[in-house]
Amino acid sequence: MSTQIKSVLVENRVFPAFPELVKTANIAGMEAYKALVAEAQASPEGFWGRLAKENLNWTTPFTQVLDESNPPFYKWFGDGELNVSENCLDRHLGTPTEHKTAIIFEADNGDVTQVTYRELYNRVCEFANGLKALGYKKGDRAIIYLPMSIEAVVAMHVCVRLGITHSVVFGGFSSKSIHERLVDVGASLVITADEQMRGGKAITLKPAVDEAISMGGCEAVRHVVVYKRTGGAVNWTEGRDLWMHDVAKGQSADCPAVPVNAEHPLFILYTSGSTGKPKGVQHSSAGYLLWAMLTVKWAFDAKPSDVYWCTADVGWITGHTYIAYGPLANGLTQVMFEGVPTYPNAGRFWEMIQRHKVTVFYTAPTAIRSLTKASEAQPDVHPRKYDLSSLRLIGSVGEPINPEAWMWYFKEVGGERCPVLDTWWQTETGGHMITPLPGVTPLKPGSCTLPLPGIEAAIVDEAGGDVENGMGGFLVVKRPWPAMIRNIWGDPERFKKSYFPPELKGYYLAGDGAQRDADGYFWIMGRVDDVLNVSGHRLGTMEVESALVSHPLVAEAAVVGRPDDTTGEAIVAFVVLKRDLPEGDEAVQVAKQLRDWVAKEIGPIAKPKDIRFGENLPKTRSGKIMRRLLRIVAKGEEVTQDVSTLENPAILTQLSKSV
Ligand code: WTA
């Protein structure tokens, strides 16, 4: 079939689940997993209803689990009421967790601050009472534009406690991005900071908010609440701007959580689509919380003794589900950090794991690949220089993790003792969907393995028909699940079109290409929009990139298609080497070596026609390679789009030169 994506990479390594985890994990053993899968299949509503009753505190219990009367606008637990912040904070008061450390925060300069669950609760309540006094209430929307900080988590919970829907914007996005979101959500409140610290440098935040508001259309904004992070100078609009500490000052440390309907929009988080304006992904309260809580319990095997660390920014979905909500609902102690993984040096992650005795570590393939490169160049910051023996689980999210990067992570960071949890999910799915379970799943490097119980993931063709194992196709989810996206804020038509195209039988379309192997394991091949078409063969970006990354010289690679007269599309590869940038003849030679390598690993069809070297690749702030921009660069065209959401815009120039 013309739409089928060919799978070309062969990966045979398998690592069985560690016996100790099979005995002790929260889902202990394959039989336990299969029993949950069977329960969910036999009665999805029975399964989800049971879990929602057992795990969440309801102020009004639900009587209906799922309302499917108006697909794809599903309602979960639709007549129940609860408060998500209550379920993350108040639930621990009066239990041994009350005085347990909730967050260990390490600032850019290494300063450490800690809060217990009780202290976090008090801070949230004082600030919430302050906002209440200013007239903020259920149904309002707030933009949060803060650095990584305890205050960011506090701000999110303050909103949620009062029933205010939040939309977090990455600290560092441009005023234009803030403006777009302010207008789209109709925010009446902005919570920001004077500045943030990254790699030893202060970067202003408030001026971008001031500028965004001055662009017009944000008349709904009544206040800008400012967290004093550095004390740097700020412009002040009297009456509108307030210091966060002043808002909270003198307020009571108790603020009853406002019960909201299960479907009340907890937050709106924008994801940049490949075309058009960013989509405001709208999530629910109860269904989202249930999955945030359960996936931390299941995939991260949450235990009271854990010190958990997810390195994501709160401006990303990972920082929502796996920092602000899931770990707190489970009463975990977690580490949070401000700054970058390479400052003061590229050993920062390893040093922090050692210092705080982290047991569960969750990061992104981009960090793993760049730290592999750094630690090969500077032996002092190699993970083996640190005591990482506290680790028991290590996870990955955001992009496919290439088998070689997986092996490095497994060996050098996990000491071959810790399962690598390659968690596949999306902003839209709310939480993990396809992931290994520590006490269950034999691991294969590069595969996100099997769906979680209750998640009916499948690979289908363009008519929604099942594709046999070994063949690529569209990754879909056949049945609704509680944490799924509820809408694109203010644009239900786009929601239906983007995620539930009529030809796919009502399935949720993830937009990723994938295949299942003979064991039913899922292998993500890349975004469908990025698929390469060489002489009529459709190839996923992931496999060609993984072949390149498996070459000893290569740290990172991205491939895109460029129109070609003979082959329809030619593959252009952007490569970051583990060593310095090669020049002249040397570059030509290395490029030839890599071309031959890919031909040998995959086949001549996948041989890149053009190879470009750079010190880095263009990435979003969450670490995803921007292939869309690379396609423009590959064609030799000028990038004219707004690149403010890029981590490192300057790199585009370097990559515009062919070898
Ligand atoms: C990709 C991040 C392969 C995928 C939570 C998905 C992955 C998109 C993985 C969602 C993984 C994420 N293996 N690909 N383990 N995790 N992706 O919305 O293309 O930032 O559709 O959510 O990232 O990215 P998002």
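Everything quoted here is computed from the prediction, not taken from an experiment.

### What about the overall build of the chain?
Logical step 1: For the chain, the count of helices and strands is 19 helices and 30 strands.
Logical step 2: Radius of gyration (C-alpha) of the chain: 24 Å, near the 26 Å computed for a compact globule of 659 residues.
Logical step 3: Projected onto its principal axes, the C-alpha positions of the chain cover 70 × 60 × 50 Å.
Logical step 4: Sorting the 659 residues of the chain into buried and exposed places 63% on the buried side.
Logical step 5: In the chain, the proportion of contacts linking residues at least 24 apart, taken out of those at least 6 apart, comes to 71%.
Logical step 6: When the 68 positive and 77 negative side-chain charges of the chain are each reduced to one mean point, those points stand 1 Å apart.

### Quick word on the UniProt feature "binding site: Mg(2+)" (unreviewed entry) in the chain
Logical step 1: Under the feature "binding site: Mg(2+)" (unreviewed entry), the UniProt entry names Val 549, His 551 and Val 554.
Logical step 2: Relative to the assigned elements, Val 549 resides in helix α16 (residues 541–549).
Logical step 3: Those residues within four positions of Val 549 in sequence are excluded, and the remaining contacts are Asn 402, Glu 404, Val 554, Ala 555, Glu 556 and Ala 557.
Logical step 4: Inspection of the secondary structure assignment puts His 551 in the loop between α16 and β28 (554–564).

### Quick look at the side chain of His 356
Logical step 1: Assignment of secondary structure puts His 356 in helix α12 (residues 348–356).
Logical step 2: Classification of His 356 by relative accessible area gives buried; the value is 11%.

### Focus: the environment of Glu 106
Logical step 1: Here Glu 106 shows up in strand β4 (residues 101–106).
Logical step 2: With relative accessibility at 2%, the residue Glu 106 sits in the buried group.
Logical step 3: Residues Glu 106 and Phe 337, spaced 231 residues apart in sequence, show a C-alpha to C-alpha distance of 4.8 Å.
Logical step 4: Excluding residues within four positions of it along the chain, Glu 106 makes contact with Asp 111, Val 112, Met 336, Phe 337, Glu 338, Arg 348, Met 352, Arg 355 and His 356.

### Section: the sheet that holds strand β22 (residues 472–477)
Logical step 1: If you walk across this open sheet you meet the 4 strands as β21-β22-β24-β25, and the pairing is antiparallel. The two strands at the open ends of the sheet, each matched to only one other strand, are β21 (457–460) and β25 (522–527). Within the sheet, the average angular offset between the axes of one strand and its neighbour, ignoring direction, is 45°.

### Some points on the domain arrangement of the chain
Logical step 1: For the chain, the assigned domains read domain 1 (7–513) and domain 2 (535–656).
Logical step 2: The C-alpha-based centres of domain 1 and domain 2 are spaced at 30 Å.
Logical step 3: Opposite the 27 residues of domain 1 that make contact, domain 2 presents 28 residues.
Logical step 4: Two residues, Glu 376 and Lys 578, come together in a salt bridge whose shortest N-O distance is 3.9 Å.
Logical step 5: Counting every contact that joins domain 1 to domain 2 gives 7 residue pairs in polar contact (both at pLDDT 80 or more).
Logical step 6: Of all the elements in the fold, those that place two or more residues in the side of domain 1 that touches domain 2 are α7 (175–185), α13 (365–377) and α14 (403–413).
Logical step 7: With 5 residues, the top contributor of residues to the side of domain 1 that touches domain 2 is α13.
Logical step 8: Residues that form the side of domain 1 that touches domain 2 fall into these classes: 8 nonpolar, 12 polar and 7 charged.

### A word on the sheet that holds β4
Logical step 1: Spatially, 7 strands are ordered β5-β4-β17-β16-β18-β19-β20 in an open sheet, and the strand pairing comes out mixed. The open sheet has two free edges, formed respectively by β5 (112–116) and β20 (420–422), since each of these has just one partner strand. Averaged over all pairs of adjacent strands, the angle between their axes in this sheet comes to 20°, without regard to strand direction.
Logical step 2: Bridging between β4 and strand β17 (residues 333–337) involves 4 bridges; their strand directions are parallel.

### Some details on α14
Logical step 1: Of all 11 residues in α14, 8 are buried, a share of seventy percent or more.
Logical step 2: Its buried side turned inward, α14 meets α12, β18 (360–363), α13, β19 (393–396), β20 and α16.
Logical step 3: Positioned one or two residues after α14, Gly 415 has a phi angle of 55°, which is positive.

### Describing the packing of helix α2 (residues 30–42) against helix α3 (residues 44–55)
Logical step 1: Running from N to C, α2 and α3 point in directions that differ by 120°, and their axes come no closer than 4 Å. Together, Leu 36, Glu 39, Ala 40, Gln 41 and Ala 42 of α2 and Pro 44, Phe 47 and Arg 50 of α3 make up the contact between the two elements.

### Structural notes on the UniProt feature "domain: AMP-binding enzyme C-terminal" (unreviewed entry) in the chain
Logical step 1: This chain's UniProt record puts "domain: AMP-binding enzyme C-terminal" (unreviewed entry) on residues 543–624.
Logical step 2: Between the end C-alpha atoms of residues 543–624 the distance is 16 Å, and the span holds 30% helix and 30% strand.

Calculation notes
- Residues numbered from 1 in each chain as written.
- Predicted model: local features only at pLDDT ≥ 70, side-chain atom pairs only at ≥ 80, totals over all residues.
- Heavy atoms only, no water.
- Helix = DSSP H or I, 4+ residues; strand = E, 2+ residues; numbered from the N terminus.
- Rg over C-alpha atoms; globule rule 2.2 N^0.38 Å.
- Buried < 20%, exposed > 50% of the residue type's maximum accessible area, 1.4 Å probe, protein only.
- Contact = heavy atoms within 4.5 Å.
- Lys, Arg positive; Asp, Glu negative; His and termini not counted.
- Charge placed at Lys NZ, Arg CZ, Asp CG, Glu CD.
- UniProt positions renumbered as here; feature names shortened; annotations may be inferred.
- Pairing = 2+ DSSP bridges.
- Axes fitted to C-alpha atoms, helices over the stretch in contact; angles between N-to-C directions.
- Domains from an automatic or database assignment.
- Salt bridge = Lys/Arg side-chain N within 4 Å of Asp/Glu carboxyl O.
- Polar contact = N/O pair within 3.5 Å; in protein donor to acceptor, adjacent residues only side chain to side chain.
- Nonpolar A, V, L, I, M, F, W, Y, C, P; charged D, E, K, R; others polar.

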